[in-house]
2 protein chains.
Amino acid sequence: MPDAKLQVIPLGGLGEFGMNCTALRYGDDILVIDAGMMFPEDEMFGVDIVAPDFKYLLANREHVRAVVLTHGHEDHIGGLPFLLSKLPLPVYGTPFTLSLVERRLDEHEMTEEADFHEVSAGDIVEIGPFKVEFIHVTHSIPSAVALAITTPLGVIIHTGDFKVDPTPPDRIPFDLHKFAEYGKKGVLLLLSDSTNSDRPGFSESELSVIPRFEELLHRADGRVVVSCFSSSVHRVQILLNVAAEFRRKVAFLGRSVNQVLEIAHGHGLLEIPDGILLRPQDIMTTEPSRVLVVASGTQGEPMSALARVAVDSHKHLKLGGDDMVVMSARIIPGNEKGIFRMINHISRRGAQTVYGSMSPPVHVSGHGSAEELRLILNLVRPRYFVPIHGEHRQLSQHASLASHLSDSSLERTFILETGDCLEVDERGAYRAEPVPVGRICIDSGTVDEVVEELVIRDRRNLSEDGFVIPIIAIDHLSGHSDGLPEVVSRGFISGEDGASIMKEARQVVANTLSGSTAEEKGDLGVIQEKIRVDLRRFLTKKTSRRPLVLPVILEF
Amino acid sequence: MPDAKLQVIPLGGLGEFGMNCTALRYGDDILVIDAGMMFPEDEMFGVDIVAPDFKYLLANREHVRAVVLTHGHEDHIGGLPFLLSKLPLPVYGTPFTLSLVERRLDEHEMTEEADFHEVSAGDIVEIGPFKVEFIHVTHSIPSAVALAITTPLGVIIHTGDFKVDPTPPDRIPFDLHKFAEYGKKGVLLLLSDSTNSDRPGFSESELSVIPRFEELLHRADGRVVVSCFSSSVHRVQILLNVAAEFRRKVAFLGRSVNQVLEIAHGHGLLEIPDGILLRPQDIMTTEPSRVLVVASGTQGEPMSALARVAVDSHKHLKLGGDDMVVMSARIIPGNEKGIFRMINHISRRGAQTVYGSMSPPVHVSGHGSAEELRLILNLVRPRYFVPIHGEHRQLSQHASLASHLSDSSLERTFILETGDCLEVDERGAYRAEPVPVGRICIDSGTVDEVVEELVIRDRRNLSEDGFVIPIIAIDHLSGHSDGLPEVVSRGFISGEDGASIMKEARQVVANTLSGSTAEEKGDLGVIQEKIRVDLRRFLTKKTSRRPLVLPVILEF
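None of the values given here were measured: they were computed from a predicted structure.

(A) Layout of the overall build of chain A. A count of helices and strands for chain A gives 16 helices and 27 strands. Along the first, second and third principal axes, the C-alpha atoms of chain A reach 85 × 70 × 45 Å. Looking at chain A residue by residue over its 556 residues, the buried ones come to 59%. Looking at chain A alone, contacts between residues at least 24 apart form 72% of all its contacts between residues at least 6 apart.

Structure follows, in structure tokens:
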């Protein structure tokens, strides 16, 4: 007989894309599922990484028992260094997932303190009041698992990220039977991946890219360069196999792709045909029609291998007119312009570019489409359903995919966003008080460099119309200020017009000063505000722009 | 016998998306084809509109005879106010196109000076040495034309924007016969639209959206809100017809959509079924299942009707749980995040959202895909070919679509980018010296407000790490500076850490000063640079950030 309530608290990834993290709480025990990061929105100027701020977990630090990971993508593990640096915890995951975490912790010199617990699909682990079973699912990264978490109030199934691939490249099938088994016994709550809920039908199998790559390699006279996510181990396996079939050697460009493939190979997840590897420094001395290059940089990241190849500044690869560059990855929304700019540069090198949707496809998604999501809903037939992993439109579409179940098992679907809290007790599930959530914005790859909201807001203002700073020196004895004040400005206006307006601006400030009483000039706050208002009015009238105006008074 | 050379000079739109403008020059006569604008890239902080700077035309102002317009989209006419304000010219176009230009000139109070010449498809106009025939083409806006320009050296065909729609909604067929006729007689040069050259097959007819809208209106219980481009007159006609079929009234929200539809109706290009119009103020008092709303704001523009509806701040429309919002337009690259943010807000209102690719489609492109482009190439079978309207990857794909013609008529394809110059004389066509080109960046909708490159670069720097300005007052007699210097900063760092670092920064500047000789302090440039270098090193070491550091020295 349960004596406490169960709480499901999304700390990231619901109503937003990325930084997936969910807390399960039963009484005084908290279990964390995943701790991801996200790439910042355009408006977060100068910020490199965004992670949940985990303040709920830190405020309840004595109750947090462990982190359980579903798979090794950055939006599921990338926030771990920031969480573990503040709150050391046991971390459960498959060996490949934990190796990817280790790589991230290494970057922050945090590996030694890590408390890793390796698990395999089929294992059951008890963590406080939670009994967690790991279930194999198919996804674009190997060793991905869903979680069946038995609690005193019933079973919760968390799918992690998945698609239902009928023919996975590693031949390890999606464990439909386990989902069916739990569904038959009765599931209290399903938390299921909504990423592709707005796509009709089924996602194609990872294997369906093979005919396209065969066609491209059959057609290509020169080098073929393929860009894919470094974590797409299955995709790389397919490329190795097709390259072998067409007697091409394979070179890997990019630090990240080399690291991940080494890890995958170490775990027996990547079979490398004998003698197929080509060192990057040997690319240009090998007959082009015998070369396939796998390069990182699918999102047009400026320092990536492909971005450098595109502008002809990579030391190991120069593209020629017979070469072909294949973009085998999705475009993350917001990156379109940068990616297309890179493709244009590649096209200027004379190389043929292959990208976009086509049939057979050059890329398939790792997330299930509408009919796969319905399949899981029908197998699990939960009492309650919470769509996870997606922006509101995707959560809402996923909710509507479950509507046919309301005739039978499904009592209610809840659309939660990050920070919302779902409570379950003997009577059922209902919304409870939200918990405090937030984001930390990190300027570079360290765990310390947090950029505050205020700073980001200033940067946004500065990026629009720049700044104008009038500097006034006032004699602290007489209250006099001699001559015209200095005015410093950047990002506002330039050229001859600019010079003439800035000259007038100095006069405007001088007029404000001479029109102010000694009393006003004695009060720094008052005179600063008078100058700010007058100067801003003048500048807006002259230019229709609204720079940041920040008067500085120096007393001497 | 021609005695001069012919030059083809793209001034915008080749190797970039938007602001299409091409100059044709024969001897001392220049004809301008289109004068468009583009929306700025993300990196052009605070800029609203970008247009070609037209410096080549202004430098040759006495030779420029006229502007000929192919159709009324902003990327073909939006730069006209800026061109005409500097260089008044006769403007040729179809009546609907000219009315759209008039609307833009009105905004700048420039209509009175306009020298408009209305033409219809089939008309031939002589402008200097150029004989221009206007040829009807199908596109997503009515009254679009291609140009067949007979010059002393041969015929140039400029397609404008087009698709080959077999069943156009206005039943005016694409004039294939005219293209065939010119092709039979022999065409010197084809300039053809490359926008969709990277899409295989044929673009679907505009009519193919009808079954989708019928399905949606059949299924919808509440209001249906459709967002499409305000210039998509055909799409609006289809919506009016389908609404009439399902006995819904139609309301239009958005200034731009109302203006354009009024103009289209005035030209007889839009048939409005009797009694179908609903005033915006009557939307909420009409039975929801009898209402269809056409709203502007397909790109998530913050002040658009749909953006305001999404955040529940539109005075005439509040969405409810039975309502449906349909995005019937393409996403312009770079706008994805803003559009999805708006759709998420609509989803939070409880409304169902319909967007993305599906079959039958909810949107079709107005540009021809690969097979339509091949059809035009085969009909025209030019001696030379220049792909226009597109980024490099699209121009390059279009060039490869013409490769089969090199066995017969096609001597050469030139991939030109904006500013390149193609010269043709008796011997043939070849690349000539590029001409000066550039962009003007306009902060708001006036013709004067030009933002310079330097200012935009400063804004970019400011947006990344903000600024730090140390201000040092030096006694011009003694060279002394008393106390700690002031340091002003924004967008850099805040909070307690920030305060402590800024305090240290003041000490760093003071140390630099005290460590400098009187001679150094006497030379403003030297002391400024010393302070800049020392302070920047300190700040980067402390924070890994690189703010703009701008020392100001005041002498008193």
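There's plenty left to go through after this.
(B) How the structure looks around the side chain of R248 of chain A. Residues and elements named next belong to chain A. The topology assignment puts R248 in the loop between α7 (233-245) and β14 (249-253). A distance of 2.9 Å separates a polar side-chain atom of R248 from the backbone oxygen of G222. At a separation of 3.5 Å, a polar atom in the side chain of R248 contacts the main-chain carbonyl oxygen of S289.

(C) Geometry of the environment of P169 of chain B. Residue and element names in this part refer to chain B. Tracing the chain through its elements places P169 in the loop between β11 (154-158) and α5 (176-185). When its relative accessible area of 23% is taken as the criterion, P169 is described as partly exposed. With 111 residues separating them in the primary sequence, P169 and P280 have C-alpha atoms 27 Å apart. Excluding its chain neighbours within four sequence positions, the residues that come into contact with P169 are E206, L207, H234 and I238.

(D) Layout of α7 of chain A. All names here are of chain A. Relative to the 18 Å expected for 13 residues at 1.5 Å per residue, α7 spans 18 Å between its end C-alpha atoms, a close match to the ideal helical length. Of all the 13 residues making up α7, ten are buried; the element is thus mostly covered by neighbouring parts of the structure. Turning to α7, its buried residues are V233, H234, R235, V236, Q237, I238, L239, L240, V242 and A243. Structurally, α7 contributes buried residues whose contacts are with α4 (95-107), α6 (210-219), β13 (224-227), β14, α8 (255-266) and β15 (291-295).

(E) Just the sheet that holds strand β6 (residues 90-93) of chain B, in detail. Residues and elements named next belong to chain B. Strands sit in the order β7-β6-β5-β3-β2-β1-β20-β21 across an open sheet of eight strands; the sheet is mixed. The open sheet terminates on both sides in strands that have one partner only, identified here as β7 (115-118) and β21 (428-432). Geometrically, the sheet is characterised by an average inter-axis angle of 25 degrees between neighbouring strands, direction not taken into account. Across three bridges, strand β1 (residues 6-12) lies against strand β20 (residues 421-425) in antiparallel orientation. Paired with Q7 across the strands is E423, a residue of β20. Helix α4 (residues 95-107) rests against β6 and β7 of the sheet, and its axis sits at about 160 degrees to β7.

(F) Spatial organisation of the environment of R545 of chain B. The residue R545 of chain B is located in the loop between α16 (524-543) and β26 (548-549) in this model. Sequence separation between R545 of chain B and V294 of chain B is 251 residues; the distance between their C-alpha atoms is 47 Å.

(G) Examining the side chain of R393 of chain B more closely. Within the fold, R393 of chain B resides in helix α12 (residues 392-401). Using a relative accessible area of 5% as the deciding quantity, one classes R393 of chain B as buried. At 3.4 Å, the side chain of R393 of chain B forms a polar contact with the side chain of Y355 of chain A.

(H) Seen up close, the packing of aromatic side chains. Going through the model one piece at a time under the given rule, you end up with nine aromatic pairs over all chains. On the numbers, 5.3 Å between centres and 25 degrees between planes, the contact of F174 of chain A with F179 of chain A is stacked. Accessibility expressed as a relative area gives 1% for F179 of chain A, which makes it buried. Aromatic side chains Y384 of chain A and F414 of chain A sit 6.2 Å apart centroid to centroid with 50 degrees between the ring planes, which places their arrangement in the tilted category. With Y384 of chain A in strand β18 (residues 384-388) and F414 of chain A in the loop between β19 (412-413) and β20 (421-425), this pair connects stretches of sequence that are 30 residues apart. Using a relative accessible area of 4% as the deciding quantity, one classes Y384 of chain A as buried. Put simply, the rings of F162, F174 and F179 of chain A touch in pairs and so form one group of aromatic residues. R393 of chain A extends its terminal NZ or CZ atom over the ring of F340 of chain B, reaching a point 3.8 Å from the ring centre. Directly above the ring of Y182 of chain B sits K185 of chain B, whose terminal nitrogen or CZ lies 5.0 Å from the centroid.

(I) Local environment of helix α11 (residues 370-380) of chain A. Residue and element names in this part refer to chain A. Among the residues of α11, those classed as buried are A370, E372, L373, I376, L377 and V380. Close packing links the buried residues of α11 with β11 (154-158), α5 (176-185), β12 (189-193), β18 and α12 (392-401). R381, located one to two residues past α11, shows a positive phi value of around 30 degrees.

(J) Summary view of the state of the cysteines. On inspection of all chains with the given rule, the structure shows zero disulfides over all chains. Unpaired in terms of disulfides, C21 of chain A finds its nearest cysteine sulfur in C421 of chain A, a separation of 14 Å.

(K) Molecular detail of the pattern of salt bridges. All names here are of chain A. In the structure shown here, the tally under the stated rule is 47 salt bridges over all chains. Taking the shortest distance from any N to any O, the salt bridge between D29 and R65 comes out at 2.5 Å. Pair noted here: D29 is in strand β3 (residues 29-33) and R65 is in strand β5 (residues 64-68), with a separation of 36 residues, a long-range link. The class of R65 is partly exposed, set by a relative accessible area of 29%. For R374, the salt bridge goes to E371, with nearest N and O atoms at 3.0 Å. Remark: E371 and R374 occur in helix α11; sequence separation between them is three residues, near one turn of the helix. A single salt-bridge network, built from bridges that share partners, covers E74, R104 and E107.

Procedures and definitions
- Residues numbered from 1 in each chain as written.
- Chains lettered and ligands numbered in written order.
- Predicted model: local features only at pLDDT ≥ 70, side-chain atom pairs only at ≥ 80, totals over all residues.
- Heavy atoms only, no water.
- Helix = DSSP H or I, 4+ residues; strand = E, 2+ residues; numbered from the N terminus.
- Buried < 20%, exposed > 50% of the residue type's maximum accessible area, 1.4 Å probe, protein only.
- Contact = heavy atoms within 4.5 Å.
- Polar contact = N/O pair within 3.5 Å; in protein donor to acceptor, adjacent residues only side chain to side chain.
- Expected span 1.5 Å × (residues − 1).
- Pairing = 2+ DSSP bridges.
- Axes fitted to C-alpha atoms, helices over the stretch in contact; angles between N-to-C directions.
- Phe/Tyr/Trp six-rings, centres within 6.5 Å; stacked < 30°, edge-to-face > 60°.
- Lys NZ or Arg CZ within 6 Å of the ring centre and 35° of its normal.
- Disulfide = S-S within 2.5 Å.
- Salt bridge = Lys/Arg side-chain N within 4 Å of Asp/Glu carboxyl O.

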